[in-house]
Amino acid sequence: MKKYVIGNWKLNPATQAESLALAQALQEIGQKPNTNTLQVGCSPSFIHLSTVAQTLKTSPIWVGSQDVSALGATGAFTGDVSAVQVADLGAKFTLIGHSERRQYHGEDDKILSQKIINAHLADLMVVLCIGESLDEYQSGLAFNVLDKQLSVLHRIDKNQINANKLIIAYEPVWAIGTGLTPTLNEIEKIHTHIKHYLHTQYGANLPILYGGSVNDKNAHDIANCQGVDGVLVGGASLKIDSFSTIIQAFS
Ligand code: PGA
């Protein structure tokens, strides 16, 4: 299966000039990977998306957004940015359901299912993020929580979902930005579980990415885990040397 290394820039960097510099550095390293086997991507903030998309226009690197509106493609929705708008700027994918969106913006399954529909209507690849909290992990509830989060797909009419444009990112909330990660054995077990669940429920064989404190030191081991089809990288995607090493680990 094709591998994916996707950077999630979150609310970084502060200036357009810094985003431009990051995109230019990415363009240089992004010429190397073979896009048949490895897809590299980055997701800048909405406001920097246009600059980054322009810079990477002729590069094989995908640019994506970190979210899309659950509301319309256009209309009276103050403050929203639609999937159609980001696709128009050249975005190929969008993250949906990142734990920071769930936590700080109260995004629930109703909202998330609408976002997935809107992204697919705009022909964007969806990277649906799921993951358990520390409490849930420590109580041995991870599998139940992940199944529940994946069941958001049940809300969507089969005609409105495009399995060829869906990637799952498993990101334990307690591993995001903490320097902690599950053991390699745990990562393998969870990825196997997610693959099995999606296969039995939807007959789909989707790429499953791991996210949460991926860095240049652990990328190689994570890349060798069974069932890991790539990574979603936060902090380390802002440091070009680290991101480059992570890309190499999946090359
Ligand atoms: P991190 O973030 O790599 O900084 O832990 C990952 C993410 O939130 O997608």
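In what follows, the accompanying structure is described. Only a predicted model underlies this, so the values are computations on that prediction, with no experimental measurement involved.

## Some details on the nonpolar core
Grouped together as the largest cluster of nonpolar side chains are 63 residues, with contacts concentrated most on Leu128 and Ile194. For Leu128, the residues in contact, after removing those within four places along its chain, are Ile96, Arg102, Ile116, Val152, Leu153, Leu166, Ile167, Ile168 and Ala169. One finds Ile6, Phe93, Val127 and Ala169 within the second-largest nonpolar core, a separate group that totals 12 residues.

## Points about the packing of helix H1 (residues 16-29) against helix H10 (residues 240-250)
Interhelical geometry of H1 versus H10 gives an angle of 30° and a closest axis separation of 11 Å. In terms of orientation, H1 lies roughly parallel with respect to H10. Here H1 and H10 pass one another in a crossing that is right-handed. Residues Leu22, Ala25, Leu26 and Ile29 of H1 lie in contact with H10, whose contacting residues are Ile240, Phe243, Ser244 and Ile247. Here the contact of H1 with H10 is composed, by residue class, of seven nonpolar, one polar and no charged.

## Examining unusual backbone geometry
Across the junction of Asn12 and Pro13, the peptide omega takes the value -20°, indicating a cis bond. Position of Pro13 among the secondary structure elements: in the loop between strand E1 (3-8) and H1. Positive phi is not limited to glycine here, since Asp123 has a value of about 65°. Relative to the helices and strands, Asp123 is located in the loop between helix H5 (109-121) and strand E5 (125-130). You can call Asp123 partly exposed: its relative accessible area is 48%. At Ser213, a residue that is not glycine, the phi angle is positive and equals roughly 60°. Within the fold, Ser213 resides in the loop between strand E7 (208-211) and helix H9 (219-223). Overall, Ser213 belongs to the buried group, its relative accessible area being 16%.

## Topic: the packing of aromatic side chains
This structure, assessed with the given rule, holds four aromatic pairs. With a centroid separation of 6.3 Å and 35° between ring planes, the pair formed by Trp62 and Phe93 is classed as tilted. Here Phe93 lies in strand E4 (residues 93-96) and Trp62 lies in strand E3 (residues 62-65), a separation of 31 residues in the sequence. Each member of the pair, Trp62 together with Phe93, is buried.

## With respect to the site of the ligand
Around the ligand sit 13 residues in total, of which Lys10, His98, Glu171, Gly177 and Ser213 are the nearest. Side-chain polar atom of Lys10 to an oxygen atom of the ligand: 2.7 Å apart, as the coordinates give it. Taking Ser213, its main chain carries an N or O atom lying 2.7 Å from an oxygen atom of the ligand. Compared with its free state, where it exposes 280 Å², the ligand has 95% of that area covered by protein.

Definitions and limits used
- Residues numbered from 1 in each chain as written.
- Predicted model: local features only at pLDDT ≥ 70, side-chain atom pairs only at ≥ 80, totals over all residues.
- Heavy atoms only, no water.
- Core = buried A, V, L, I, M, F, W, Y, C linked by side-chain atoms within 4.5 Å.
- Buried < 20%, exposed > 50% of the residue type's maximum accessible area, 1.4 Å probe, protein only.
- Contact = heavy atoms within 4.5 Å.
- Axes fitted to C-alpha atoms, helices over the stretch in contact; angles between N-to-C directions.
- Helix = DSSP H or I, 4+ residues; strand = E, 2+ residues; numbered from the N terminus.
- Parallel < 35°, antiparallel > 145°, perpendicular 65-115°, else oblique.
- Left-handed = near helix turned anticlockwise from the far one by under 90°.
- Nonpolar A, V, L, I, M, F, W, Y, C, P; charged D, E, K, R; others polar.
- Phe/Tyr/Trp six-rings, centres within 6.5 Å; stacked < 30°, edge-to-face > 60°.
- Near = heavy atom within 4 Å.
- Polar contact = N/O pair within 3.5 Å; in protein donor to acceptor, adjacent residues only side chain to side chain.
- Areas by Shrake-Rupley, 256 points an atom, 1.4 Å probe, with all protein chains shown as cover.

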